[in-house]
Amino acid sequence: MYAILLWAALGFYFAGIVLMVPSVVRRHPLLSPAALGALGVGLALHASSLAVRAINLHRLPVIDVQSTLSFYGFLVTLAFFLAYLRYRINVLGIFMLPLVFVLTLISALRPGPSFQSVAFRSGWLMVHIACVLVGYVGFFLTFIAAVMYLIQEGQLKSKSPRGLYYRLPSLEVCDELYGRSLMFGLPFLTLGILTGFFWATRMWHGPWELDPKILAALITWLIYLFLFSARISGSWPGRRSAYVAILGFAVIMVTFIGISFVSGWHGYLPNLGSLH
Amino acid sequence: MNLALVGINHRTAPVEVRERMNIPEARLEEAVADLAHRDGITEGLILSTCNRVEVIANAQNNVAAEPVIRRFLADHHHCDLAAYEPHFYRYRQQQVVEHLFRVASSLDSMIVGEPQILGQLKQAYNVARQAGALNGTLNEIVLQALTVARKVRRDTAIGASAVSVSYAAVELARKIFRDLTGTTIFVIGAGKMSEIAAKNLIRSGASAIFVSNRTYERATELAKAFHGTAIRFEELFDHVQKADIVICSTSAPHYVIHREHAEKWLAARKNRPIFFIDISVPRNVDPAINQLDNAFVYDIDDLGQVVEANKKQREREASWAEEIVQDEVQKAMRRMASREVVPTIVALEQRLEHIRESELERYRGRLNALSPQQREAVEALTKGILNKILHGPITELKSGAGRPEQSSLVQVVRKIFGVVE
């Protein structure tokens, strides 16, 4: 049931992305109802697949890499809808949704082991994972806003506008989206890291502080904290902040996907990551 | 449907000829009524603007509409049309539909994508309706042209980018600042050029405005006109940092705003961007400022370059619009054609049924001897033959609907079966 719903969601996402293309290429003021409809149905199916999974597991479907990717993809689509409703930027879908498609596809292709680790019974751990994921959704939007900002800034500086100039929003809108998503993501990441520390000190005995994933998460947190303070003080120009935001998201990608396979404590492997 | 169009536009005729052929609004209703009431003409439409005069007529099937239109134009303008002959273009049938759709969608305009033409066509349509000159196929085609034009506006960005320098500045400002509501403008050098640029920005929503000029009186004048504030030239550099958009147009033969100034203002603005529009020649804003983060400097040539890029963009949009128009022309023609076929099919069936019945009538005396079953068989037999004969022509007529050869096919079928209108 879970797999069927997930594949159906993927189908609708794909249709939605394809249907979006003409609206973007031909600069329609809004996305076509067909594209939004397909994405909406995809989102609903995705939500039900996650719900089915959650009911089966009796907890959030974030206990293995595959379902975490799916869950993250779902949150990003949700964020797309919210951002689209607020800003009506057609091109946002083209920037954001291919990632959702790829993440969900990976998840659908490898349903992952449905092991039952005692650790995942803990409510604290669920809060930890959920907060971090929501934070990452915010930072993905920060990343996209930074990319859009850099492209638009380059177009304006070059004085010879090309295709994307006509389709991207103004620098001010890119900047606002950048700032808001940053302000949204940081508290969640902070909360996620704090709950993680709290849980780890209680449950883990051993040198968990040196876990590569924890170190990477701290680096991520420092990068975004820096961007946050730079924004508050207004001392760093948008262009340079945008580069750092892109770097920040690259670190997240490494943390989120790369280190999951090498970290002992955080590896989503059935025999590890449990109580020691 | 028997459509003809005679017209001139900005490409085929110089302004003297267009003036001569123009039909002023005040006389339009009378003119279009005159056209539509001529012999053999059923409908008429006249679109007369400063760039074009288009006269369209729908005529009865056996009437050539074009000579009637030409006579109408000659009568109306009291002139010999021969002198203007090379300027006119003529279209028939599908070409008329295509031309009208393209004109309505602003693809035939001097500035492709300009929005006025749609209103002008609507106006022409209303006048022709009032004059009682539109009541059939042409009426429908004009309404379709208006719909197609709206579709083109909706599905392409044909009219979206600025194709004039002064509007290009506004558009650039909109790509830096979300919208211009609440932005502050600083005008340095209160000349005519900067006045126009400022006016455009204010019309687009910019609110506060500062004006500075070598002669303070001129600055106060312009500031008053825009409900702004005049700043003395000496104090200028202390105030520019408040501005989001700086329009510079002084007669100074050197840079007035240097990189150091811009650096100071940008720092004070905490990264809010500044957009410098330098419309003075020689330039007044150091172009090196464009390299600073959050500063954008456009001189008059840069604006021209943006306009060129926009025009290229418009050409691409126009080619998409052409696709839409061609598609709609085909659809419209198919609709018209299938509508023309239906009466022919009905007439054909009636004609053959009439033959069958009269033949049965002729043999009634001899058929009376037959039993009811046998009579029924004869009835079925003759009907069967009739349907078999009809099957070929009807299929052919239906499948040919919309094709160019359709019209002659209809004529042939009518002729060989002796179907009269």
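About the thresholds
- Residues numbered from 1 in each chain as written.
- Chains lettered and ligands numbered in written order.
- Predicted model: local features only at pLDDT ≥ 70, side-chain atom pairs only at ≥ 80, totals over all residues.
- Helix = DSSP H or I, 4+ residues; strand = E, 2+ residues; numbered from the N terminus.
- Rg over C-alpha atoms; globule rule 2.2 N^0.38 Å.
- Buried ≥ 20, exposed ≤ 12 C-beta atoms within 10 Å, placed from the backbone.
- Contact = placed C-beta atoms within 7 Å.
- Axes fitted to C-alpha atoms, helices over the stretch in contact; angles between N-to-C directions.
- Parallel < 35°, antiparallel > 145°, perpendicular 65-115°, else oblique.
- Nonpolar A, V, L, I, M, F, W, Y, C, P; charged D, E, K, R; others polar.
- Pairing = 2+ DSSP bridges.
- Core = buried A, V, L, I, M, F, W, Y, C linked by C-beta atoms within 7 Å.

## A short note on the overall build of chain B
Alright, step 1. The helix and strand tally for chain B stands at 15 helices and ten strands.
Alright, step 2. For 421 residues, the compact-globule estimate of 2.2 N^0.38 gives 22 Å, and the C-alpha radius of gyration of chain B, at 34 Å, exceeds that figure by more than 25%.
Alright, step 3. Taking all 421 residues of chain B together, the buried fraction comes to 38%.
Alright, step 4. Contacts in chain B between residues far apart in sequence, at least 24 positions, make up 70% of those at least 6 positions apart.

## Considerations on the overall build of chain A
Alright, step 1. On a plain count of helices and strands, chain A comes out with nine helices and zero strands.
Alright, step 2. Order of helices (α) and strands (β) in chain A, N terminus to C terminus: α-α-α-α-α-α-α-α-α.
Alright, step 3. Taking all 276 residues of chain A together, 43% fall into the buried category.
Alright, step 4. Within chain A, contacts between residues at least 6 apart in sequence are counted, and of these 78% link residues at least 24 apart.

## Things to note about the packing of helix H7 (residues 165-176) of chain B against helix H12 (residues 300-362) of chain B
Residues and elements named next belong to chain B.
Alright, step 1. Look at H7 against H12: their axes get within 9 Å of each other, and the N-to-C directions meet at 85°. On the basis of their axis angle, the class for H7 and H12 is roughly perpendicular. Contact with H7, carried on its side by Val165, Ala168, Ala169 and Leu172, involves Leu303, Gly304, Val306, Val307 and Asn310 of H12 and no other residues of that element.
Alright, step 2. When grouped by side-chain class, the residues that make up the contact of H7 with H12 number seven nonpolar, two polar and no charged.

## Focus on the interface of chain B and chain A
Alright, step 1. Chain B puts 24 residues into the contact, and the matching count from chain A is 19 residues.
Alright, step 2. Per element, the largest residue contribution to the side of chain B that touches chain A is six residues, and it comes from H12 of chain B.
Alright, step 3. Taken together, the residues of the side of chain B that touches chain A break down into ten nonpolar, seven polar and seven charged.

## Digging into the sheet that holds strand S9 (residues 274-278) of chain B
Backbone hydrogen bonds are what pair the strands of a sheet, in a parallel or an antiparallel way.
Residues and elements named next belong to chain B.
Alright, step 1. Reading across from one edge, S7-S6-S5-S8-S9-S10 is the order of the six strands in this open sheet, with parallel pairing throughout. Edge positions in the open sheet fall to strand S7 (229-232) and strand S10 (295-299), since each of these has one partner strand only. Taken over all neighbouring pairs, the strand axes of this sheet differ in orientation by 20° on average, direction set aside.
Alright, step 2. Pairing analysis gives four bridges linking strand S8 (residues 245-248) to S9, with the strands arranged parallel. Of the residues in S9, the one forming a bridge with Val246 is Phe276.

## Focus on the nonpolar core
Nonpolar side chains in soluble globular proteins tend to be buried together.
Alright, step 1. Val187, Val246, Ile247, Phe276 and Ile277 of chain B are the most contacted members of the largest nonpolar core, which has 118 residues in total.
Alright, step 2. When residues of this core are assigned to their parent elements, the largest contribution, 18 residues, is made by helix H5 (residues 123-158) of chain A.
Alright, step 3. Discounting residues that sit within four places of it in the chain, Ile247 of chain B has contacts with Ile185, Val187, Ile188, Ser194, Ala197, Ala198, Ile277 and Ile279 of chain B.
Alright, step 4. In this structure, Ile41, Ile46, Ile69 and Ile117 of chain B belong to the second largest nonpolar core, which totals 64 residues.

## Some details on the sheet that holds strand S4 (residues 89-92) of chain B
All names here are of chain B.
Alright, step 1. Pairing is antiparallel across the open sheet formed by four strands, whose spatial order is S2-S3-S1-S4. Every other strand in the sheet has two partners, leaving strand S2 (41-48) and S4 as the edge strands with one partner each. Sheet twist, expressed as the average angle between the axes of neighbouring strands with direction ignored, equals 15°.
Alright, step 2. The sheet contact formed by strand S1 (residues 3-9) and S4 spans four bridges and is antiparallel. Considered in S4, the bridge of Ala4 is made with Arg92.

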